[in-house]
Amino acid sequence: MISCVQNYNEIPNNKPDYNDDYYNQFMIVISLFLIIPSLYFLYRNSPRLLNVTPKANVIIVDKKISPDENEKNEIFSEMSSCGGFIPYLRKLHKNQGNNVTSVIVAKYPTLRNLALEFIERWEKVVMNDKNSIIKMQEECLEFSLRATLNVIVSSNEENLDVKTYKKSYDAVLSGLFDKQFGKLDTLHEERFQESINYMKSVTCKLIDQRRNELKTNNEGENKMKDLFDILVSENDPHTGKPFTDAAITHYMCGYTMAGYHTTGTAIPYTIFAITQNHDVQVKLREEIDKTLGGRLPTFDDLSSMEYLTQVVKESLRVYAPASFVARLLKSETILPAMDESKDLRLKANTTILYPIPLYHEDPKFFTQPEKFDPTRFSPDKIKNIEPNTYCPFGFGSRICPAERYALMDIKMVICLILQKFNVKLAMKLEDFVIEERFVNMAKNDVLIKLELRSK
Ligand code: HEM
């Protein structure tokens, strides 16, 4: 195992270079999720295209791979600016007497209501026709986008046509991915541009609305600020001046994107895993019923259900939504050899990609890695897991800032589903195919039959 990985976690001290061109801003933000999975895609399909060093289980990005050297530099300076913003965000919350948990707890009732809206929607469908099939990935992506918007923007959905917003977001994400591989045809190019323009106008409208709200809202001082409040009311730590509209859009789109497809795929993957492991479904339901006795789960209930946590963690191991963790080496670094191979000397400014699934699937770190076994994360066994080999949320100082929130979200939806329904896979097993896009998506959706539980 590479022992020096933690050294790569320094946040480079680059200042973002904003301009007012929305398209450029958006491309830069999106590159975080675009270039990295794309390189991984190339790596998986044609290892020799990249300067791959499998013996060390890291991928070293050959500089020539980048289509445009300048673009590559911008991408990584923007990556660091996004991450550099997080300690600032934490500090602000702390100054207001909040911590990450209190922020999540405050949001919990709204998020649970949102989840219940979906449960009721599915219940109606099933009551209407008990043979109905739910496209679980599509549904959970909608849930995840709305939940993420709620956390970041405290979105009042009256101000946002979520359906059109989601469609546009999907068109932009998909268009950028296809652009990367030169596959974007004229028709989709048009749709892509339209979607970018739509999202730009929506974000500008939201910014204006929030500025006005903050001006007129007397309780503003006591209110727990969401990310959007901070962006429209505080100074940019990099410039010491108020955030520009372009910068606000940059952060908003970056955070929304980071939360949308990740959580939106993690939930259906977990449901899929439960359908394939009947014993897990039975044991999980026993725990849920015993803990809740039919009432709705509170935030504390979700933390107290150990088996539920283990199931979600194992699902994130087997079906990790994110392919990669990326680091830029600030100085020359030697990676100690794994096996008998030689140590690896890496130059400063090399970008390395740490492929999450290669660790999660390695029998050296997880015995019988193909087996879905939630008890790997039981209190007595979890300590045997080597540091950084389990990393669905990354690791070190740049670990996903929303890890606890995302875990809570996934557990909440799984809990609410199993309280109400039995879950069955409604597609051929071989049609469950994971496709690497910005995050790993189920190519043919995850088709699920929900059966109402008898009272
Ligand atoms: C199951 C859900 C999620 C997974 C698997 C996931 C995974 C990841 C991973 C692997 C990283 C890179 C970490 C590193 O470099 O060490 C990351 C970064 C990030 N994630 Fe998440 N994430 C999830 C949900 C979310 C949500 C819901 C949000 C926001 C509401 C979010 C916001 C971010 C942000 C802003 C970063 C960039 C951090 C930085 O640059 O330092 N993520 N996430």
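Anything mentioned here points back to the structure above.
An account of the accompanying structure is given in this report. (Residues numbered from 1 in each chain as written. Predicted model: local features only at pLDDT ≥ 70, side-chain atom pairs only at ≥ 80, totals over all residues. Heavy atoms only, no water.)

In the vicinity of the ligand lie 24 residues, with Gly259, Arg327, Phe395, Arg398 and Cys400 positioned nearest. In this structure, a nitrogen atom belonging to the ligand sits 3.5 Å away from a main-chain N or O atom of Ala258. Interatomic distance of 3.2 Å between a backbone N/O atom of Phe395 and an oxygen atom of the ligand. Of all the elements in the fold, those that place two or more residues in the shell around the ligand are helix 2 (69-95), helix 8 (245-276), strand 4 (324-328) and helix 14 (403-420). Of the residues contributing to the shell around the ligand, the split by class is 16 nonpolar, six polar and two charged. (Near = heavy atom within 4 Å. Polar contact = N/O pair within 3.5 Å; in protein donor to acceptor, adjacent residues only side chain to side chain. Helix = DSSP H or I, 4+ residues; strand = E, 2+ residues; numbered from the N terminus. Nonpolar A, V, L, I, M, F, W, Y, C, P; charged D, E, K, R; others polar.)

Counting residues in each nonpolar core, the largest one holds 70 residues, and the members touching the most others are Met136, Ile417 and Leu450. Take this core: its biggest share by element is twelve residues, from helix 14. Not counting chain neighbours up to four residues away, the residues in contact with Ile417 comprise Ile119, Trp122, Met136, Ile271, Val423 and Leu450. Core analysis: the next-biggest nonpolar cluster, separate from the first, contains 34 residues, Leu160, Tyr165, Phe228 and Tyr255 among them. (Core = buried A, V, L, I, M, F, W, Y, C linked by side-chain atoms within 4.5 Å. Buried < 20%, exposed > 50% of the residue type's maximum accessible area, 1.4 Å probe, protein only. Contact = heavy atoms within 4.5 Å.)

Consecutive side chains along a regular strand alternate between the two faces of the sheet. The buried fraction of strand 7 (residues 351-355) is high, at five of five residues. Residue alternation in strand 7 divides its side chains into two sets, Thr351, Leu353 and Pro355 and Ile352 and Tyr354, and both sets are buried. Relative to strand 7, strand 4 runs antiparallel, the two sharing five bridges. Bridging across to strand 7, Phe324 finds its partner in Pro355. (Pairing = 2+ DSSP bridges.)

Here we take up the sheet that holds strand 3 (residues 134-135). Pairing is antiparallel across the open sheet formed by three strands, whose spatial order is 3-11-8. Unpaired on one side and paired on the other, strand 3 and strand 8 (421-425) mark the two borders of the sheet. Relative to strand 11 (residues 447-452), strand 8 is paired through five bridges, and the arrangement is antiparallel. Looking across to strand 11, one finds that Phe421 is bridged to Leu452.

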